[in-house]
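Below are the chains, spelled out letter by letter.
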Amino acid sequence: MYRRIIAPSVLAASLLLVIPASAADFTPGAPGIGDPYYPASGNGGYDVSHYDLKLRYQPATDLLEGTATLLATTQQDLSRFNLDFGLAVSEVRVNGAKAAFAKSGSHELEITPASPLPKGRSITVVVKYAGKPSELKVDGWTAWQRTPDGGVAAQEPDSAVWWFPSNDHPLDKATYDVSVKVPDGTQAISNGVLQSQSSKLGWTTYNWRSNKPQASYLTTLAVGKFDITTDKTASGLPVLNAYSKDLGDNEGAVRASVERTKDVAEWLESIFGKYPFNALGGYVPNVPSHFALETQTRPFYSPAQFANGANVSVVVHELAHQWYGDSVSVKGWKDIWDNEGFASYAQWLWSEKEGDGTAQQLADWVYAQHPADDPFWKVKPGDPGPDNQFDAAVYDRGAVAIQALRNTVGDASFFKILKGWPAEHAYGNAAVGDFVSYAEKISGKPLAALFDTWLFQPAKPSPSAAAKAKFTVRSASSGAASGPSAGASKAVEPKSWKKISESHSAHGGR
């Protein structure tokens, strides 16, 4: 046997060379996930698979205390990583060991583990925190709404920052267990299925589970005093709707709308395929906002959505998002048309089913009512920019583009696309370009030029382009018409349009 003898001085020198080189391989995760619309959203270097949130909330003071446990996998050799969070943190542990932490920017929590984390390692991150969410402002606004008897977290594109630490971008979806302790007589509503409920020493704990991948902004919490109705779908899914007990004159219209959740969802299954999640429902807290949001399995609705009477159309919109937006989420926020265009078009199909105006009539109406110099046509639904992400054009022009697709490929291919797309990308993420490619594959037709015209050009499509897409084309001067609805002297507003347009504020709640 030959043994090489290394002198101590040589060994020391070699260690000096090896350790720094090895340490240099461990670098901080990026403070953003790479979304050009929101550079600070999300983080790099890891992927979260599960959140376990244990919360205690006091409605009288708005004090939220929490322990968040995140299960994640490193995607690079990490020396440090960020979470998105705004409340005060008292302790962080990574794999059981205390970690150093610091706040930076408006909502970055920088965590330095006791030891660097190699790529591909499963890690557990525990964050203990407390604070008053309503007092936290990020860029001058808050996603947390106080109510007379509690508080609500529901907002887009951000809401998690106000109540739990996360990788706050739809690209990093995870499953959730949310346990909330509130004073007896108060309820806590979250996503998924209520696993258990128990009371002790004046406090009631609600344990919720959402067992399919879920984006952080789709994770919701509502604490207050609710009247709760429960049911089951024909396939056995639990249905839970919750209504604040102080909705005033809106209560009847609210219930007449949200109690349609089960039959609306069953109808949507005929259009989009099997419902993708483990629970169904909706909730309406007593908040002053005017928007609704597709929080996964249990959409949030503001009472003001029903100020003019029942509005089943907005329920259709938010439930359609369970397929288009929740199960299949955006790759980046520029892909918002993948969410809003299809949820809006679902309202058009509902109108068609109810005899209140066909999707074709609604598309003709939208095209006719906006002249070429209307700023409406300057917004590109396929990439609207962060300032126009929830502009009416993303909804209306976005739905017009879908009708143009329907007219171009025919109903057989069109409805095959509508049902196949959420199955193809279930629980994942997709871009607008991915949908275009999928529609081309299913229809066997080249569609890039069609989508460019209707989604990406900052101008009203020409009358010839509209005629090619089989829309009614009317002269602004004479009112003469050509196309499928030729013969009408002017565009006629479909009966459903008022309710559809009332839901346009559904996500503009900032």
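Residues numbered from 1 in each chain as written. Predicted model: local features only at pLDDT ≥ 70, side-chain atom pairs only at ≥ 80, totals over all residues. Heavy atoms only, no water.

Draft legend 1. Summary view of the overall build of the chain. Within the chain one finds twelve helices and 25 strands. Each of the three principal axes of the chain carries a C-alpha extent, and together these read 95 × 60 × 45 Å. Restricting the contact set of the chain to residue pairs at least 6 apart, pairs at least 24 apart contribute 69%. Of the side-chain charges in the chain, 47 are positive and 52 negative, and the distance between the mean point of each set is 5 Å. (Helix = DSSP H or I, 4+ residues; strand = E, 2+ residues; numbered from the N terminus. Contact = heavy atoms within 4.5 Å. Lys, Arg positive; Asp, Glu negative; His and termini not counted. Charge placed at Lys NZ, Arg CZ, Asp CG, Glu CD.)

Draft legend 2. Structural view of empty space enclosed by the protein. According to the stated counting rule, one finds two cavities of 30 Å³ or more in the structure shown. Of the pockets and cavities examined, the largest cavity occupies roughly 40 Å³. In the lining of the largest cavity, the residues fall into four nonpolar, four polar and two charged. Size it by volume and the second largest cavity reaches roughly 30 Å³. Lining the second largest cavity are Tyr46, Val48, Leu70, Ala72, Phe81, Leu83, Ile123 and Val125. Among the secondary structure elements, those contributing two or more residues to the lining of the second largest cavity are strand E2 (46-58), strand E3 (63-74), strand E4 (78-84) and strand E9 (122-131). (1 Å grid on protein atoms, 1.4 Å probe; cavity = no way out; pocket = protein on both sides within 12 Å on 5 of 7 lines; lining within 4 Å. Points joined across faces, edges and corners; volume = space filled by probe spheres on them. Nonpolar A, V, L, I, M, F, W, Y, C, P; charged D, E, K, R; others polar.)

Draft legend 3. Structural view of the sheet that holds strand E15 (residues 203-214). Taken in spatial order, the eight strands of this open sheet run E6-E5-E9-E3-E2-E12-E15-E14, and their pairing is mixed. Pairing within the sheet leaves two strands with one partner each, and these edge strands are strand E6 (97-98) and strand E14 (193-200). The pairing of E14 with E15 spans seven bridges and is antiparallel. Residue Ser196 lies in a different strand from E15, and its bridge partner there is Asn207. (Pairing = 2+ DSSP bridges.)

Draft legend 4. Spatial organisation of the layout of surface pockets. If you add up the space inside the second largest pocket, you get close to 240 Å³. The wall of the second largest pocket is formed by 14 residues, among which Val312, Ser313, Trp350, Asp356 and Lys499 lie closest to the centre. No other element matches helix H5 (residues 337-354), which puts four residues into the lining of the second largest pocket. Grouping the constituent residues of the lining of the second largest pocket by class yields four nonpolar, five polar and five charged.

Draft legend 5. Representation of helix H4 (residues 312-320) within the structure. For H4, a buried count of nine out of nine residues is recorded, marking the element as mostly surrounded by other parts of the structure. Looking at H4, one finds that the buried residues are Val312, Ser313, Val314, Val315, Val316, His317, Glu318, Leu319 and Ala320. N-capping of H4 is provided by Asn311, with a side-chain oxygen placed 3.2 Å from the backbone N of Ser313. (Buried < 20%, exposed > 50% of the residue type's maximum accessible area, 1.4 Å probe, protein only. Polar contact = N/O pair within 3.5 Å; in protein donor to acceptor, adjacent residues only side chain to side chain.)

Draft legend 6. Structural view of the confidence of the model for the chain. Residue-level pLDDT values for the chain average 92, and 91% of them are 70 or greater. Note on residues 1-21: pLDDT is under 50 here. Beyond four places in sequence and across chains, it has two contacts. Scored below 50 in pLDDT, residues 482-489 makes 16 contacts in the model with residues more than four places away or belonging to other chains. (pLDDT = per-residue confidence, 0-100.)

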